[in-house]
Amino acid sequence: MKFSENLEEREPSHEVPNFVGVSAASSSGIANGGQLGLNAREESQTDSSISQIQVDMRIPQHATPSQQVSLENMGSNVQVASNISRASDLLMAVTSSAEVNRMKISELASEAMEELTKLALAREPLWQCDIESNTEFLSDIEYLREFGHINASLIEIIRMVEVGDSQSDLPRFGSINNSEFSMESEYRPISTTNQPGKPVSSESSRAIDYVKMKAVNIVQLLMDLKQWLLVFPNIVSRAKVVGVLSSTRFEGNYDGTLQVMTAEFHAPTPLIAARESYFARYSKQLDRGMWVVVDVSLEKLFQFPSTNFRRQPSGCLIQEMSNGCSKVIWVEHVEVDNRMVHNMFKPLVSSGFAFSAKRWVSTLVRQCEWLATLNSTSPPTSDCMFISQVGRKSLLKLSERMMRSFVADISASTENKWRALPVFGAEDVKVTTKTSLNDPGKPPGTTLLFATSVHLPVPKTQIYNLLRNGESRIMWDMMSYEKDTREIAYIATGDHPGNRVSIIEVENGVTKEIEVFYFQESYTDSNGSYIVYAPIDQFAMSALLDGANPDHVAILASGFSILPDRPMANDECGGSLLTLALHITEGGATEEYIPPQTVQNILNIIAGTVIQITEVLSNDGENSVESEQ
């Protein structure tokens, strides 16, 4: 969600010994597109009785991860996936008849650019508005009328549906010759050759916002793979550029650049499957200060084994304003098979909200807020602690890494080998193992990440205010029992009073001695909320406040993501989907085995945490925490 690393040189700083934690990073690699006829480019609910159950946690051995290769000369710790599943299929498909395929992809990209521009600027009846959620979506009929090549039979059916003619008057599909009724459109639903009758749903959305960034800079962060991954880690799990079909060959100039890419998109829970896409990305300057960046799926041209996700022309129209800001109109339009989505999340996913255009635009806005905070010279707000400018920068960069690690870890990305626990009643509790050897930002050895999602009949704003507040931590955190917790300092990271990086002090309730600090970032917008934290000892916290290098602080990020249970325009209404994740070190664990007692202890902590949160929130608001002003 933030990309501070590539904007400035890291300053010399003190090193801090490792103590506890882990930070996830995507695997890395370099894709060579030269064989494609392209220009090669180096790119980058449980029960407390569960404790009585004995479980066998021997885990079947999985294939070892693909070889990782760090990016070079990128000025960032972020890495790029070296082996997205089926990428070799894309490579082979484009390799044969390379020049012909280059022309096909170029034509497809040009058509997609024209379509996206029309979609961005269109009004009703092409775009309809859902009043309850205050979101825009495409009218399927109007979309077909505008962009699909349809014959007389389909036009007649559309006319009868519009005027409300009886369904009995509609022609029987079986009586119509296939060639006569064919919808000769490249936008027809996904082919189901390999899986006959496979259901497909369409998701579409549009969002408009103003971003405090020049248009050319927005284009650059979308076209540069490293920056794209840094800005959108809450959406993009892994990505790589297979090759470049056309470019200006001038660094930073992306007018007319066309590149072939693969990417994996995720939501902040292991219960929503990640979506993998093969697409062309094309950027074009339409006018002075006016740009378009469009993605379009290549499955239209090349057949792949899996066809459960297609990216119709999607992307953004960017118009630079006179005040230095840019107006961004983002359009998302996909075809997808949602049959495997968990029932808890189906209303949110099937509505298109989970992967909506609002998520992309909100993340851009968030990025600008973060850069403004990082470059600000104003002192952090604090009741009893002063934070120097160097200390402020160290804390912000550590929180950036912590948040990036968390959103990657709790996703259903193929990088995370989630397994369900073999415990009755805990089927939705997932576990994955992570191993680190030589990374100073991670504890050595094997760590365990447990995650689950639950539905709570409480608005997400109320849950967010409870979980992020330092003083209320003892109301839900079982590890803070008989302790005193309070926020001793924070750095505001946005206009919302709850968007902040905090230092939470934990004191022994009897001796009043400081036991540990929780380093925490909380962030919320209309799409969802995050509360992410990691324990830090006094020595490490003191060093950070003095400006120590945050990359040498080993952290273990745990926390929460909160989504609405359905699209709602008002955050004060409806229910919520709470995902909680606990990341722990376990000396007796391996990638194949987890000690049964560890499983039982974690399940008790998860169950107890959910019960405590539910009890606090169910007391008619008496114990709920008001947002700080």
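What comes next is a walk through the structure. (Residues numbered from 1 in each chain as written. Predicted model: local features only at pLDDT ≥ 70, side-chain atom pairs only at ≥ 80, totals over all residues. Heavy atoms only, no water.)

**Some words on the overall build of the protein**
Turning to step 1, where the next piece is worked out: On a plain count of helices and strands, the protein comes out with 13 helices and 19 strands.
Turning to step 2, where the next piece is worked out: The buried share of the protein, reckoned over its 629 residues, is 56%.
Turning to step 3, where the next piece is worked out: About 27,200 Å² of surface is accessible on the protein, with carbon and sulfur atoms providing 50% of the total. (Helix = DSSP H or I, 4+ residues; strand = E, 2+ residues; numbered from the N terminus. Buried < 20%, exposed > 50% of the residue type's maximum accessible area, 1.4 Å probe, protein only. Areas by Shrake-Rupley, 256 points an atom, 1.4 Å probe, with all protein chains shown as cover.)

**Considering unusual backbone geometry**
Turning to step 1, where the next piece is worked out: Glu124 connects to Pro125 through a cis peptide bond whose omega is 5°.
Turning to step 2, where the next piece is worked out: One can find Pro125 in the loop between helix H2 (98–121) and strand S1 (127–130).
Turning to step 3, where the next piece is worked out: Here Lys512, not a glycine, exhibits a phi torsion of approximately 65°, which is positive.
Turning to step 4, where the next piece is worked out: Summarising the element assignment, Lys512 is placed in the loop between strand S15 (500–508) and strand S16 (514–525).

**Here's the deal with the sheet that holds strand S17 (residues 528–536)**
Turning to step 1, where the next piece is worked out: What the nine strands build is an open sheet, ordered S11-S12-S13-S19-S18-S17-S16-S15-S14; its pairing is antiparallel. Edge positions in the sheet fall to strand S11 (419–420) and strand S14 (483–492), since each has one partner strand and no second.
Turning to step 2, where the next piece is worked out: Note: S17 against strand S18 (residues 558–564), five bridges, orientation antiparallel. Bridge pairing links Tyr533 to Ser558 in S18.
Turning to step 3, where the next piece is worked out: Here helix H13 (residues 596–617) sits on the sheet and contacts strand S13 (445–456), S18 and strand S19 (576–585); the angle it forms with S19, its principal contact strand, is near 145°. (Pairing = 2+ DSSP bridges. Contact = heavy atoms within 4.5 Å. Axes fitted to C-alpha atoms, helices over the stretch in contact; angles between N-to-C directions.)

**Observations regarding the nonpolar core**
Turning to step 1, where the next piece is worked out: In this structure, Leu222, Trp228, Phe232, Phe265 and Trp330 are the most contacted members of the largest nonpolar core, which totals 51 residues.
Turning to step 2, where the next piece is worked out: In terms of residues, this core owes the most to one element, helix H6 (residues 215–223), which gives six residues.
Turning to step 3, where the next piece is worked out: Beyond its immediate stretch of four places on either side in the chain, Leu222 contacts Trp228, Phe232, Arg281, Val293, Cys316, Ile318 and Trp330.
Turning to step 4, where the next piece is worked out: Grouped together as the second largest cluster of nonpolar side chains are 35 residues, Leu466, Val506, Ile602 and Leu617 included. (Core = buried A, V, L, I, M, F, W, Y, C linked by side-chain atoms within 4.5 Å.)

**Quick notes on the pattern of salt bridges**
Turning to step 1, where the next piece is worked out: The full count for this structure, using the stated rule, is 19 salt bridges.
Turning to step 2, where the next piece is worked out: In this structure, Glu505 and Arg486 form a salt bridge, with 3.2 Å as the shortest nitrogen-oxygen distance. On the criterion of sequence distance, the pair formed by Glu505 in strand S15 and Arg486 in strand S14 is long-range, its members being 19 residues apart.
Turning to step 3, where the next piece is worked out: Connected through salt bridges with shared partners, the residues Arg281, Asp295, Arg311 and Glu332 form a single ionic network. (Salt bridge = Lys/Arg side-chain N within 4 Å of Asp/Glu carboxyl O.)

**A closer look at the packing of helix H11 (residues 460–468) against H13**
Turning to step 1, where the next piece is worked out: Relative to each other, H11 and H13 sit at 115°, their axes nearing to 11 Å. For H11 against H13, the interelement crossing comes out right-handed. On H13, the residues touching Gln462, Ile463, Leu466 and Leu467 of H11 are Ile613, Val616 and Leu617.
Turning to step 2, where the next piece is worked out: In terms of residue class, the contact of H11 with H13 is built from six nonpolar, one polar and no charged. (Left-handed = near helix turned anticlockwise from the far one by under 90°. Nonpolar A, V, L, I, M, F, W, Y, C, P; charged D, E, K, R; others polar.)

**Things to note about the packing of aromatic side chains**
Turning to step 1, where the next piece is worked out: With the rule as written, the count across this model stands at 10 aromatic pairs.
Turning to step 2, where the next piece is worked out: With a centroid separation of 5.2 Å and an interplanar angle of 85°, the aromatic rings of Trp476 and Phe560 are classed as edge-to-face. Here Trp476 is found in the loop between H11 and S14, whereas its partner Phe560 is found in strand S18, with 84 residues between them in sequence.
Turning to step 3, where the next piece is worked out: In this structure Trp476 comes out as buried when scored by relative accessible area, which is 2%.
Turning to step 4, where the next piece is worked out: What makes Phe560 buried here is its relative accessible area of 2%. (Phe/Tyr/Trp six-rings, centres within 6.5 Å; stacked < 30°, edge-to-face > 60°.)

**Overview of the pairing of S13**
Turning to step 1, where the next piece is worked out: Most of S13 sits out of view: 10 of its 12 residues are buried.
Turning to step 2, where the next piece is worked out: Summarising the sheet, strand S12 (residues 430–436) and S13 pair through seven bridges and their orientation is antiparallel. In the sheet register, Thr433 faces S13, and the bridge partner there is Leu448.
Turning to step 3, where the next piece is worked out: Of the strand pairs in this sheet, S13 and S19 are connected by 10 bridges, and their pairing is antiparallel. Counterpart to Thr447 in the pairing with S19 is Thr585.

**A look at the packing of helix H9 (residues 357–375) against helix H10 (residues 389–409)**
Turning to step 1, where the next piece is worked out: Between H9 and H10, whose axes approach to 9 Å, the crossing angle comes to 155°. Between H9 and H10, the crossing angle belongs to the class labelled roughly antiparallel. Touching Trp370, Thr373 and Leu374 of H9 are Arg392, Lys393, Leu396, Ser399 and Glu400, all from H10.
Turning to step 2, where the next piece is worked out: Of the residues belonging to the contact of H9 with H10, the class tally is three nonpolar, two polar and three charged. (Parallel < 35°, antiparallel > 145°, perpendicular 65-115°, else oblique.)

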